[in-house]
Amino acid sequence: MSTFTAGEELPPLTVEVTREQLVRYAGASLDFNPIHWNEAFAKEVGLPDVIAHGMLTMALGARLVTDWLGDPGRLVDYFARFTRPVVVPNDGAATIEFTGKVAVVNDDGTARIDITAKFDGKAVLGKAQVIARD
């Protein structure tokens, strides 16, 4: 019997992303693209301001699920599309709100969990889905 229940909602997660975190993530990921730290460059290429790394946003979505699962090793697969950027102000932080729901429980004991990630009331990840195992 699976421990997953279709329709079950995960506890929501709200994360504040700052420019300092972007610099730290750039160092950890080796992604030093100036759109993630240089305001003038970001605006020059048509962005409203510095934006968070898409993979950072995706990782925070995974944290929603792994915190709930209690064991990151139970996350089997993860897919998401980047639908709009998370704009991070120079002062303060960008707030990203994550919610999740068990969409499908499979016969093999795995489940598909759908994640919603919103910044400024709009989705920033599309079709974000995790496969987790019992």
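Per chain, residues are indexed from 1 in the order of the written sequence. With the structure being a predicted model, the display of local features is reserved for residues of pLDDT at least 70 and the display and counting of side-chain atom pairs for 80 or more, all residues being used for whole-chain, interface and lining totals. Excluded from the side-chain calculation are hydrogens and water; included are all heavy atoms of the structure.

Colleague: How would you sum up the pairing of strand β6 (residues 125-133)? Please name residues and give values.
Modeller: DSSP bridges decide pairing: two strands pair if at least two such bridges lie between them. Strands are runs of DSSP state E lasting at least 2 residues, helices are runs of H or I lasting at least 4, and numbering of each runs from the N terminus. Where strand β2 (residues 75-82) lies against β6, six bridges are found, and the strand directions are antiparallel. Within β6, the position partnered with tyrosine 78 by the bridge is valine 130. Strand direction decides the pairing type here: strand β4 (residues 110-119) and β6, joined by six bridges, are antiparallel. Looking at the pairing, threonine 110 lines up with arginine 133 of β6.

Colleague: So what about helix α1 (residues 19-29)? Which residues, and what values?
Modeller: A simple rule labels every residue: compare its accessible area, found with a 1.4 Å probe on the protein chains alone, to the largest value its type can have, and call it buried under 20%, exposed over 50%, or partly exposed in between. The complete set of buried residues in α1 reads Arg19, Leu22 and Ala26. All buried residues of α1 project into a common sector of 50° when viewed along the axis, lining one side. Structural note: α1 exposes Arg24 and Ala28 on the side pointing more than 90 degrees away from its buried face. By definition in these notes, contact holds between two residues if any of their heavy atoms fall within 4.5 Å. Check the buried side of α1 and you find it contacts β1 (13-17), α2 (39-44) and α3 (54-69). Here, the arc refers to the directions that run from the helix axis to the C-beta atoms.

Colleague: Residue-level account of the pairing of β4, with values.
Modeller: Of the pairings in the sheet, the one linking strand β3 (residues 94-105) to β4 comprises nine bridges and is antiparallel in character. Residue pairing across strands places valine 102 opposite isoleucine 113, the latter belonging to β4. Hairpin connection between β3 and β4: a loop of four residues separates the two successive antiparallel strands, and glycine 109 in this loop has a positive phi of roughly 90°. Judged from the two bridges that link them, β4 and strand β5 (residues 122-123) form a sheet pairing that is antiparallel.

Don't take any of this as a statement about function, it's just geometry.
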